[in-house]
Structures are given as structure tokens and as C-alpha cells.
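# Geometric and topological summary
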Amino acid sequence: MTPFAIVFPDLSPEIFSISIGNFNFALRWYALAYITGFLAGWWIIQRLMQRPNLWPANTAPMEAAKVEGLLTYVIIGVILGGRLGFVLFYQPGYYLANPGEILRVWEGGMSFHGGFAGVIIAGLIFCQRNAVPPLQIADAMALVAPIGIGLGRVSNFVNAELWGRPTLQPWGVIFPGSQAQTCPWDWPVDYCARHPTQLYEAALEGLVLFAVLAFLVWRRGWLKRPGLVTGVFVAGYGLARFTVEIWRQADAQFITPDNPLGHVISLGPIGLSMGQLLSVPMIAIGIGLLLWRRRA
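Just so we're clear, the structure is a prediction, and the values are computed from it rather than from any experiment.

### A word on the confidence of the model for the protein
The predicted model of the protein averages 91 in pLDDT, with 98% of residues at 70 or higher. Here strand 3 (residues 23–28) stands out as the least confident element of the protein, with mean pLDDT 78; helix 6 (residues 197–218) is the most confident, with 98.

Pasting the structure below:
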């Protein structure tokens with residue numbers, strides 16, 4: 001057997017950095033992904049509000065000028081929810097012992113499921129304060145969410161983080177770092193290639209999901225039935241994330257000698273990772289929302 005693998009390219013997490021005295025400013029790919037996702041979402045939602053024929057009764061749910069305010073709420077919800085979700089779901093013990101590090105978001109550590117909950121809360125507050133229909137605003141946000149998600153997963157790849165389990169497939173990537181190069185002792189080759197699950201997620205959670213939602217909005221007119229687009233997004237993301245978790249390396253804190261796959265719920269040789277456990281309710285809620293709104 002002559003295995004093949006892709007050597008991780010020489011990529012830096014920083015696009016550029018500027019040093020002035022003791023002050024250093026660096027623009028990272030991860031930050032650029034967030035910025036680009038927010039701006040793209042703002043632009044698309046503005047255009048949606050300028051197309052009343054897409055909405056129920058040919059009336060947009062709010063003026064395009066209010067989208068900037070919505071963006072502010074969403075940014076706050078993503079950052080606070082994503083960080084607190086990571087703290088609570090993945091490393092509660094560490095942050096309980098080091099509470100001063102909870103707000104250090106620039107050091108990394110964000111949870112999509114926490115960010116999703118944060119956006120829901122922030123969106124509901126915005127809708128209440130501006131007297132706009134929540135389900136229609138949720139549909140607009142659901143349409144653009146895969147853009148930021150996909151870009152974020154690409155930046156995870158650039159950062160050489162959140163990689164998958166070892167593989168001998170020819171598209172496996174040899175990521176740098178001692179942790180990425182730690183394979184089982186009986187591994188048949190002298191290098192450790194891993195599934196590039198960041199790119200799997202970028203494709204499914206980002207590109208494919210956005211294409212499906214865009215088709216439903218612009219070709220099938222699903223914005224006229226509030227809640228349907230949101231249901232597809234929630235169920236679609238949950239299903240995509242659940243699937244990719246099959247090949248994704250579990251977080252280190254969940255891996256033990258007796259639990260090498262890092263399952264948080266185990267039923268003999270099979271089980272669920274934390275990402276899968278958090279995705280199951282999303283799938284159920286998304287399907288439930290679809291059934292409810294289709295009957296309405």
C-alpha cells in the first residue's frame with residue numbers, strides 16, 4: 001500500500017500585523033470571516049427588505065434602514081452567546097477556576113450552538129423593541145447565516161484547528177502540531193493525516209445550505225410563509241453538523257483511555273459527541289417548525 005496525503009500549506013492565522021511601539025494590531029482570518037459574514041448578511045437582508053413582493057401580503061416586515069440596528073443586536077448575540085456557550089458546554093471546569101478568562105474572546109473559543117442561542121435572544125429583543133414580526137426576521141437571518149458559518153469554517157482550516165480523526169484517504173491533510181500528529185500506536189504509516197472536517201462543514205453548513213435556502217427564497221417564494229426558511233436552516237444545520245461529527249476529532253477534554261472517541265453519551269461502541277448532542281435538538285426543532293408552519 002502506498003498511501004497519499006496532502007501536506008498542510010504554509011498558512012498564517014494572521015493576514016497582516018502592525019506594531020507601533022508596544023502596541024501590536026493583527027487582522028486574523030477568523031476575524032475577517034466574522035466581518036465579511038456580517039457585512040454580506042447586512043447587504044442581503046437590506047435587499048430583501050427592498051423586495052416587498054417576496055413577503056406575505058407583498059409587504060416587507062420592516063424598513064431597510066432598520067437592518068443596521070438588527071446587525072448590531074446580532075453581533076452582540078453572536079459574540080456573547082458564542083463565548084458563553086463555549087464556556088458552559090466545553091470547558092466549564094476550567095473557566096470556573098479561571099473566571100477572569102471568560103471574556104478573552106480574542107484568545108479563541110466560540111460555540112456555534114451558544115452563538116445561535118444568543119442570536120435568538122438578541123433577535124427577539126430587537127423585534128419586540130421595533131414592533132416587527134419575529135418569524136419573518138428569523139427567516140431573513142436564516143438565509144444569510146450560512147455565509148458567515150461557511151467562512152468561519154474556512155478560517156478554522158487556515159488556523160489548523162478543529163481537524164478530524166486520522167484517515168488514510170488521499171484527501172487527508174497532515175496538519176501541523178504535536179496533537180494533530182498523535183495517531184494510534186498501530187497506525188500503519190509514519191505520518192498522521194486527518195479528515196479536513198473544517199472544509200466538510202464549510203461545504204455542507206455553508207455552501208450547500210445557503211444554496212438550498214436561496215433557491216427556496218427566490219425561486220419558491222418561501223418567505224411568504226413565515227417560519228419555513230428558519231425551519232430548513234435549523235434542521236439543515238443540525239443534520240450537517242451531526243453528520244460531519246462522525247469524522248471530527250472530539251475535544252480533548254472528552255477523550256480518555258476508556259473513551260477514545262470522546263463520546264459524551266455512550267451506548268457500547270457507539271455514542272454521541274458533544275456537537276452531535278447539541279445538534280439533535282436543532283434537528284427536532286427545525287422539523288417541528290416546518291411541520292407547524294406548513295399546516296398553518
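### Notes on the nonpolar core
Formed by 43 residues in total, the largest nonpolar core has its most connected members in Leu 48, Met 49 and Phe 233. Residue assignment for this core shows that the elements contributing at least two residues are helix 1 (29–49), helix 2 (67–89), helix 4 (112–130), helix 5 (134–158), helix 6, helix 7 (228–244) and helix 8 (274–295). Among residues more than four places away in sequence, those in contact with Leu 48 are Leu 54, Trp 55, Ala 140, Leu 143, Val 217, Trp 218 and Leu 223.

### Focus on the pairing of strand 3
The sheet contact formed by strand 2 (residues 14–20) and strand 3 spans 6 bridges and is antiparallel. Looking at the pairing, Ile 20 lines up with Phe 23 of strand 3.

### Some remarks on the state of the cysteines
Within this structure, the stated rule accounts for 1 disulfide. Residue Cys 183 pairs covalently with Cys 192 via a disulfide, S to S 1.9 Å. In this structure the cystine formed by Cys 183 and Cys 192 twists about its S-S bond by roughly 65°; its chirality is therefore right-handed. A relative accessible area of 19% means that Cys 183 is categorised as buried. By relative accessible area, Cys 192 is classed as buried at 1%.

### A few points about the packing of aromatic side chains
Evaluation of the coordinates by the stated rule reveals 14 aromatic pairs. On the numbers, 5.4 Å between centres and 55° between planes, the contact of Phe 8 with Phe 157 is tilted. Of this pair, Phe 8 sits in the loop between strand 1 (6–7) and strand 2 while Phe 157 sits in helix 5, placing them 149 residues apart in sequence. When the ring of Phe 112 is compared with that of Phe 116, the centres are 6.0 Å apart and the planes differ by 20°; the resulting orientation is stacked. With Phe 112 and Phe 116 both in helix 4 and 4 residues apart, the pair spans about one turn of that helix.

### Here's the deal with the layout of surface pockets
A volume near 240 Å³ is recorded for the second largest pocket. Taken together, Arg 165, Pro 166, Thr 182, Cys 183, Pro 184, Arg 194, Gln 249, Ala 250, Pro 260 and Leu 261 form the lining of the second largest pocket. Here the residues of the lining of the second largest pocket sort into 6 nonpolar, 2 polar and 2 charged.

### What to know about helix 7
The periodicity of an α-helix, 3.6 residues per turn, causes residues three or four places apart in sequence to face the same way. Here helix 7 is 17 residues long and its end C-alpha atoms lie 24 Å apart, about the 24 Å a rise of 1.5 Å per residue gives. Among the 17 residues of helix 7, 13 are classified as buried, and the element is accordingly described as predominantly covered.

### Focus on the side chain of Arg 248
Considering the arrangement of structural elements, one finds Arg 248 in the loop between helix 7 and strand 5 (265–267). With residues up to four places along the chain from it excluded, the contact list for Arg 248 reads Arg 153, Leu 162, Trp 163, Gly 164, Arg 165, Thr 197, Glu 201 and Arg 241.

### Topic: the pattern of salt bridges
What the rule picks out here adds up to 8 salt bridges. Of the charged contacts in the structure, one is a salt bridge between Glu 63 and Lys 66, with a shortest N-O distance of 3.6 Å. Of the residues examined, Lys 66 reaches a relative accessible area of 29% and is grouped as partly exposed. Taking the shortest distance from any N to any O, the salt bridge between Glu 201 and Arg 248 comes out at 3.3 Å. Of this pair, Glu 201 sits in helix 6 while Arg 248 sits in the loop between helix 7 and strand 5, placing them 47 residues apart in sequence. Each member of the pair, Glu 201 as well as Arg 248, is classed as buried. Residues participating in the shared-partner salt-bridge network are Arg 153, Glu 201, Glu 205, Arg 241, Glu 245 and Arg 248.

Conventions and cut-offs
- Residues numbered from 1 in each chain as written.
- Predicted model: local features only at pLDDT ≥ 70, side-chain atom pairs only at ≥ 80, totals over all residues.
- Heavy atoms only, no water.
- pLDDT = per-residue confidence, 0-100.
- Helix = DSSP H or I, 4+ residues; strand = E, 2+ residues; numbered from the N terminus.
- Core = buried A, V, L, I, M, F, W, Y, C linked by side-chain atoms within 4.5 Å.
- Buried < 20%, exposed > 50% of the residue type's maximum accessible area, 1.4 Å probe, protein only.
- Contact = heavy atoms within 4.5 Å.
- Pairing = 2+ DSSP bridges.
- Disulfide = S-S within 2.5 Å.
- Phe/Tyr/Trp six-rings, centres within 6.5 Å; stacked < 30°, edge-to-face > 60°.
- 1 Å grid on protein atoms, 1.4 Å probe; cavity = no way out; pocket = protein on both sides within 12 Å on 5 of 7 lines; lining within 4 Å.
- Points joined across faces, edges and corners; volume = space filled by probe spheres on them.
- Nonpolar A, V, L, I, M, F, W, Y, C, P; charged D, E, K, R; others polar.
- Expected span 1.5 Å × (residues − 1).
- Salt bridge = Lys/Arg side-chain N within 4 Å of Asp/Glu carboxyl O.

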